Amino acid sequence: MENNVTVEVFKGKEASVNSYLFSNGESMIVMDVLRNSKEAEELAAFIKAKALPLTHILITHGHPDHYIGMHCLKQHFPVVRIVVASEAIKQDIIGFSTWMESIGWLDGEPALKPKSDQHPDGFDYEREIAVLEEPKITLDGGGTLEIKSDYNGAEAEHLTTVYSQDLNALFTSDFCYNEAHPWLGQGVDAAHIANWKAELKRFKAAHEGSDMAVYPGHGDRSDFTLFDKVLSYIEDFERVIENATTEEEAMTAIQELYPSWEQADFLLLNSVNYHMGLKQAHA
Ligand SMILES: [Zn+2]
């Protein structure tokens, strides 16, 4: 049976984060929905132009660059189901938004403030986000996205990957970044880094030499060589942190190694500050 599943990437500007739109010519599913509502409006227009029903919004993990746009999309596609692979990911999202609200980071996105007596017009995360009952989503009209989420904590505490046999493609979410600095900040401690590297080695062992496409959470499409590219970056990052005496020195050293990689001013800066802070705390 030929399902003719296709994928298009919508490239977010903030955080260089990707949104992926799957279609079989009859219906569509979108995976991750950008860091802000303004860009999500553009994503919604892009999806609407396809003139096909959007059945699911799949959020891969509880980081805001992957889910802030969901309120905007829900306004444009009222019957769409917002889904995650596990209850743990749903709770990661709620936890992150609760924390962001507590420090004022959602003041620019009031519709994403968790619904409460204080914010009656806020987002009802418990009600709006459903947990998938099985590790796959089938497109209306045929074609399956295989979902995996039983990973150890790495870039995030819980992460989802999507594999499409029709596309011969793996969507790694934030296990992979391509030419954007990976998030190694708050929440990504030594144990997470060890898990992350081990998972990249498993991906590499499983797919080395294959012609499978690899679509990262941030940056351009690649192939199996991306696993090693991310692994090398993380090893370089660890070495730089170990040898640096100041944050500035670490920033300079990493940017000299990766001069063209995007998002140094936020992703890299926070990663360096976090790990230099951990190192000083342990000194
Ligand atoms: Zn991300």
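For the structure itself, look to the data block above.
With respect to the helices, strands and loops of the structure, E39 is situated in helix α1 (residues 37-48). The charged side chain of E39 is buried without a salt bridge, its nearest counter-charge being K13 at 4.6 Å. Of note is the side chain of E39, whose polar atom sits 2.5 Å from the backbone nitrogen of K13. Within the structure, the side chain of E39 is placed 3.0 Å from the backbone nitrogen of E14, a separation counted as a polar contact. Not counting residues within four places of it along the chain, the set of residues in contact with E39 comprises F10, G12, K13, E14 and L34.

Take the environment of D92 next. Note that D92 resides in helix α4 (residues 87-102). Distance in space between the C-alpha atoms of D92 and D174 is 15 Å, their sequence separation being 82 residues. Each residue touching D92, except ones within four places of it in the same chain, is listed here: G62, E157 and H158.

Our next topic: a nonpolar patch on the surface. Where nonpolar side chains cluster on the molecular surface, the patch consists of W99, I103 and W105 and spans about 330 Å² of accessible area. The residue W99 is located in helix α4 in this model. The partly exposed category is assigned to W99, whose relative accessible area is 41%.

Summarising the metal site, the zinc ion is bound by the protein donors D65 (OD), H66 (NE2), D174 (OD) and H218 (NE2), whose distances to it range over 2.0 to 2.4 Å. Classification of the site at the zinc ion as irregular follows from its four donor atoms and the range of 87 to 163° in their angles at the metal.

What follows concerns the sheet that holds strand β9 (residues 161-164). Strand order across the open sheet formed by five strands is β7-β8-β9-β10-β11, with mixed pairing between neighbours. Each having just a single partner strand, β7 (136-138) and β11 (213-219) make up the two edges of the open sheet. Averaged over all adjacent pairs, the angle separating strand axes in this sheet is 30°, with direction ignored. Where strand β8 (residues 144-148) and β9 come together, three bridges link them in antiparallel fashion. By the bridge assignment for β9, E146 is matched with Y163. Running at roughly 145° to strand β10 (residues 169-178), helix α6 (residues 190-207) makes contact with β9 and β10 of the sheet.

For the rest of this paragraph, the subject is the pairing of β9. Pairing geometry for β9 and β10, over three bridges, is antiparallel. Across the sheet, the residue bridging to S164 is A169, located in β10.

If you add up the space inside the largest pocket, you get close to 630 Å³. Along the wall of the largest pocket there are 24 residues; nearest its centre are H63, P64, F96, W183 and Q186. Those elements that provide at least two residues to the lining of the largest pocket are α2 (64-67), α4, β10 and α9 (264-282). Here the lining of the largest pocket is built from residues that sort into 10 nonpolar, seven polar and seven charged. If you go around the second largest pocket, the residues you meet are D189, A190, I193, F237, E238, I241, E242, H275, L278 and K279.

With that out of the way, let us pick up the packing of helix α7 (residues 225-243) against helix α8 (residues 247-257). To describe two helices that pack against each other, one gives the angle between their axes and the distance between the axes. The geometry of α7 relative to α8 is characterised by a closest axis approach of 9 Å and an angle of 150° between their N-to-C directions. Looking at the two axes, α7 sits roughly antiparallel to α8. For the pair α7 and α8, the crossing hand works out as right-handed. Along its contact with α7, which presents Y233, D236, F237, V240, I241 and N243, the element α8 presents E249, A250, A253, I254 and L257.

Turning our eyes to something else, we now look at the packing of aromatic side chains. The description of two aromatic rings rests on the distance between their centres and on the angle between their planes. Under the definition given, this model contains 16 aromatic pairs. Ring geometry for F171 against Y215: centres 4.5 Å apart, planes inclined by 10°, an arrangement best described as stacked. Of this pair, F171 sits in strand β10 while Y215 is found in strand β11, placing the two residues 44 residues apart along the sequence. The pair formed by F171 and Y215 is uniform in burial state, with each residue classed as buried. Residues F175 and F203 carry aromatic rings whose centres are separated by 5.4 Å and whose planes lie at 75° to one another, so their mutual orientation is edge-to-face. One end of the pair, F175, is in strand β10; the other, F203, is in helix α6, with 28 residues separating them in the sequence. F203 carries the same exposure label as F175, and that label is buried. By way of ring pairs, the aromatic residues Y20, F22, F171 and Y215 are connected into one cluster. Residue placement shows K148 over the ring face of Y151; its charged tip is 4.9 Å from the ring centre.

Cut-off values and rules
Residues numbered from 1 in each chain as written. Predicted model: local features only at pLDDT ≥ 70, side-chain atom pairs only at ≥ 80, totals over all residues. Heavy atoms only, no water. Helix = DSSP H or I, 4+ residues; strand = E, 2+ residues; numbered from the N terminus. Buried < 20%, exposed > 50% of the residue type's maximum accessible area, 1.4 Å probe, protein only. Lys, Arg positive; Asp, Glu negative; His and termini not counted. Salt bridge = Lys/Arg side-chain N within 4 Å of Asp/Glu carboxyl O. Polar contact = N/O pair within 3.5 Å; in protein donor to acceptor, adjacent residues only side chain to side chain. Contact = heavy atoms within 4.5 Å. Patch = residues over 30% accessible without salt bridge, like charges linked within 9 Å, V, L, I, M, F, W, Y side chains within 5 Å. Areas by Shrake-Rupley, 256 points an atom, 1.4 Å probe, with all protein chains shown as cover. Donors = N, O, S within 2.8 Å, 3.2 Å for Na, K, Ca; no water. Tetrahedral: all angles 85-135°; square planar, octahedral: opposite > 155°, others 65-115°. Pairing = 2+ DSSP bridges. Axes fitted to C-alpha atoms, helices over the stretch in contact; angles between N-to-C directions. 1 Å grid on protein atoms, 1.4 Å probe; cavity = no way out; pocket = protein on both sides within 12 Å on 5 of 7 lines; lining within 4 Å. Points joined across faces, edges and corners; volume = space filled by probe spheres on them. Nonpolar A, V, L, I, M, F, W, Y, C, P; charged D, E, K, R; others polar. Parallel < 35°, antiparallel > 145°, perpendicular 65-115°, else oblique. Left-handed = near helix turned anticlockwise from the far one by under 90°. Phe/Tyr/Trp six-rings, centres within 6.5 Å; stacked < 30°, edge-to-face > 60°. Lys NZ or Arg CZ within 6 Å of the ring centre and 35° of its normal.

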